[in-house]
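Chain by chain, the residues run as shown.
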Amino acid sequence: LSKAVAKNTKDLNEATQLRQAESAANNKTVVEAGAGKEAVEYALSVLQQFYDSQGVVLLQRSRYVPFVPTNASREGKTVADRAPEMSYSGDYGGQTDSATGIIGILQVILSDFERTVTTVTNEEAEAAEKHSDFETATQASISAKETEKTTKETAVTDAEDAIVEATDKLNDATSLHQAALDELSQLQASCVDGEESWEERKKKRGE
């Protein structure tokens, strides 16, 4: 029982140390991910303001309508009329690829940070609950073993006291028995061995 209590205590101490280290790492991860999330949100805000100020319309917003001057030349042609034919069709919406690209990357990073905060927070809560259950069960086991150990130690002490008492009584009884044997031996010599036999008493009666 003493060895079992020592092992349970050792296991609980080791588990507590590991839990504390894991909790510290999880809390650090959550703090760092939270700070990263705030930084990315700030970066997105700054970029959004920048692109808005430059007239670049991102995919999330309505299409950008380019400015086309309405004044025509003396020939009656505008700048748009004199522009060469392009390989694409439709209205040109500005160079939004780079804008949407960096915004998309940052949004992915932001999503990763948010997922990290949520996942690690949930894992930390689950690990803390499991450790609490383990700690409760282990302490209950230790308490039960210590109670049983105390009971058995008390029983051993009582048994040892009973043995000492019984040994003393045995020694006293042995001494009394030996004294009784010695006294009986003396009485036998004087009372039994010294008494006349039946034949001797018969002879005397006859005389």
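Residues numbered from 1 in each chain as written. Predicted model: local features only at pLDDT ≥ 70, side-chain atom pairs only at ≥ 80, totals over all residues. Heavy atoms only, no water.

*Asks:* Hey, could you go over the pattern of salt bridges for me, with residue numbers and the actual values?
*Replies:* This structure, assessed with the given rule, holds 10 salt bridges. A salt bridge links Arg19 to Glu22, with the shortest nitrogen-to-oxygen separation between them at 3.1 Å. Taken together, the residues span about one helical turn, with Arg19 and Glu22 both in helix H1 (residues 2-54) at a distance of three residues. A salt bridge links Arg115 to Asp112; its shortest N-O distance comes to 2.3 Å. One end of the pair, Arg115, and the other, Asp112, are both in helix H3 (residues 97-192), three residues apart, so they sit about a helical turn from each other. Using a relative accessible area of 32% as the deciding quantity, one classes Asp112 as partly exposed. A network of salt bridges, in which partner residues are shared, links Arg19, Glu22 and Glu124. (Salt bridge = Lys/Arg side-chain N within 4 Å of Asp/Glu carboxyl O. Helix = DSSP H or I, 4+ residues; strand = E, 2+ residues; numbered from the N terminus. Buried < 20%, exposed > 50% of the residue type's maximum accessible area, 1.4 Å probe, protein only.)

*Asks:* Could you give an account of the environment of Glu123, naming the residues involved and the relevant values?
*Replies:* Along the polypeptide, Glu123 turns up in helix H3. C-alpha of Glu123 to C-alpha of Asn26: the two residues are 97 residues apart in sequence and 8.5 Å apart in space.

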